[in-house]
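# Structure at a glance
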Amino acid sequence: MGIINVNIDKIYGRASQAEVDALKGEIEAANRMLYDGSGKGGDFLGWVSLPGRIGSEELEAVEACARSLASLADVIVVIGIGGSYLGTKAVYEAMNDSFQLLRKKQDRPLLLFAGQNLSEDYLSELLAAVKPYRIAAIVISKSGTTTESAIAFRVMLSYMQSRYSKDELRRRIFATTDAHTGALKQLADENGFETYVVPEDIGGRFSVLSAVGLLPIAVCGADIDKILAGAAAEREALFAAGLSNDAYKYALYRNAFLADGKEVEILCSYEPALRSLTEWWKQLFGESEGKDGKGIFPASAIFSTDLHSMGQYIQDGRRMLFETVVRQTECGCALKVPYDEADVDKLNYIAGESLFDVNEKAFLGTLYAHRDGGVPSLVVEYERRDEFSFGALVYFFCLACAASAYILGVNPFNQPGVEAYKKNMFALLGKPGYEKEREALLAKINS
């Protein structure tokens, strides 16, 4: 068994063994393509071997940079969009205290995120918020021309230039970008900003365990050695198990559900700290599978919170969905429900129970209710909320996603549909070279 385990015991009788077995040929083909790079997008499989490929020298450089930034800044702004920030944010929230903003003393800088939207309010409020603090920035973009992150970096650079000298800026701004070309690489070279490389053979949403994620993750205080160790251990366990490994099992069952008409997958967790992990997962599977008119629509929820909003639909709405629960099996806390003499709230029947156990009963109660309501459930289990488990979880989902996309017959590593909105936006903004598109689009708008 790996560090991450898939529990299929709770599956409502929708995906029969015969339906799963019917996909065995596809998983064999997917496995072969992941090994030899013969499938669509085979040039972007660098993440498969990444956990064991990063050398100690590179890790030491990242950790030294992180220590330097931590000594210089109270707040570090991470600028990027999609895979350039979602993985980092997932680790940041999962590995840190949910209420660290209220702590009077910070051992590490706070991370803020920019470049993931075009909201004037958001960026204006961020600039106002950082005024009292020492700041630094990490900008992540392979090309340097992605609109959202490029605008945010231009604004942030202008703001930092008003506060710091050129020499000081060189200490406070780091760029993760292409090794040789691109606007951000050029800008970094011209200004003397230290750079880290976006690997050419790894796409953004699969890049959490590369320099794209490792530098900001290290800055926030997470142990990147343990994250990579967890990913490496999970990789070894998965490939040692061959075609029966749990990542492939997950890929097989979700495609069997799809064949049965379950077109929506809800990834849910009972730990609020995993909310950003579910956002990263949505991008991972949405961009990898949603093309050529195919794919499972990825949605997410945090239970039991969202049981009081989406729970009614999940239980009694259209039967086109299944759920995957990311379940934590251990907890390092020992918070118990107190006994109260008056018992006005009628909770003494669970006095002395740990909150972890109460949460577990909520998980089991929901699972069986949804099963009885016709919602199949998969359970992806990890032990505890630490770096080792998180690294394993990231690798597990990356391998499962690539295999699942190959089962569907699509390229897991491109995203052609993302360009459609950009073309229209550039045309409306009057970007040079988009004159014909602008004319055509304005005609549609005014018709």
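Residues numbered from 1 in each chain as written. Predicted model: local features only at pLDDT ≥ 70, side-chain atom pairs only at ≥ 80, totals over all residues. Heavy atoms only, no water.

### A short note on the sheet that holds strand β6 (residues 194–197)
Read across the sheet, five strands follow the order β3-β2-β4-β5-β6 without closing on themselves; strand pairing throughout is parallel. Looking at which strands have only one partner, the edges of the open sheet turn out to be β3 (110–114) and β6. The mean angle between the axes of side-by-side strands here comes to 20 degrees, regardless of whether they run parallel or antiparallel. Relative to strand β5 (residues 173–177), strand β4 (residues 135–140) runs parallel, the two being bridged by four bridges. (Pairing = 2+ DSSP bridges. Helix = DSSP H or I, 4+ residues; strand = E, 2+ residues; numbered from the N terminus. Axes fitted to C-alpha atoms, helices over the stretch in contact; angles between N-to-C directions.)

### Considering unusual backbone geometry
Cis geometry marks the peptide bond from F303 to S304, where omega comes out at 5 degrees. Within the secondary structure, S304 sits in the loop between β8 (297–302) and α14 (311–316). Positioned with a positive phi, D292 is a non-glycine residue whose angle comes to about 60 degrees. Topologically, D292 is positioned in the loop between α13 (275–289) and β8. The phi torsion at K346 lies on the positive side, around 60 degrees, for a residue other than glycine. Within the secondary structure layout, K346 lies in the loop between β9 (321–328) and α15 (355–372).

### Section: the packing of aromatic side chains
Per the counting criterion, the structure on display carries 19 aromatic pairs. Plain terms: the ring middles of Y250 and F397 are 5.9 Å apart, the flat faces sit at 70 degrees to each other, and that makes the pair edge-to-face. Linking Y250 in helix α12 (residues 246–259) with F397 in helix α16 (residues 387–408), this pair joins segments that are 147 residues apart in sequence. Under the relative-accessibility criterion, Y250 is labelled buried at 0%. For F397, a relative accessible area of 0% translates into the label buried. Centre to centre, the rings of Y270 and F303 are 5.6 Å apart; their planes meet at 75 degrees, and the pair counts as edge-to-face. (Phe/Tyr/Trp six-rings, centres within 6.5 Å; stacked < 30°, edge-to-face > 60°. Buried < 20%, exposed > 50% of the residue type's maximum accessible area, 1.4 Å probe, protein only.)

### Description of the nonpolar core
Among the nonpolar cores identified, the biggest contains 95 residues, and L34, W47, Y250, W280, F397 and L399 are the most heavily contacted of them. Sorting elements by how many residues they give to this core places α16 first, with 15 residues. Other than its neighbours up to four places away in sequence, L399 contacts L34, W47, L238, F239, A247 and Y248. Formed by 24 residues, the second largest nonpolar core is a distinct cluster that contains V77, V130, A152 and A175. (Core = buried A, V, L, I, M, F, W, Y, C linked by side-chain atoms within 4.5 Å. Contact = heavy atoms within 4.5 Å.)

### Some remarks on the pairing of strand β10 (residues 377–382)
Side chains on a regular strand alternate between the two faces of the sheet. In terms of residue burial, β10 counts as a mostly covered element, since six of its six residues are buried. Burial along β10 is two-sided: S377, V379 and E381 facing one way and L378, V380 and Y382 facing the other are all buried. Relative to β10, strand β1 (residues 5–7) is paired through three bridges, and the arrangement is antiparallel. Residue pairing across strands places V6 opposite V380, the latter belonging to β10. Where β9 and β10 come together, six bridges link them in parallel fashion. Counterpart to V325 in the pairing with β10 is V379.

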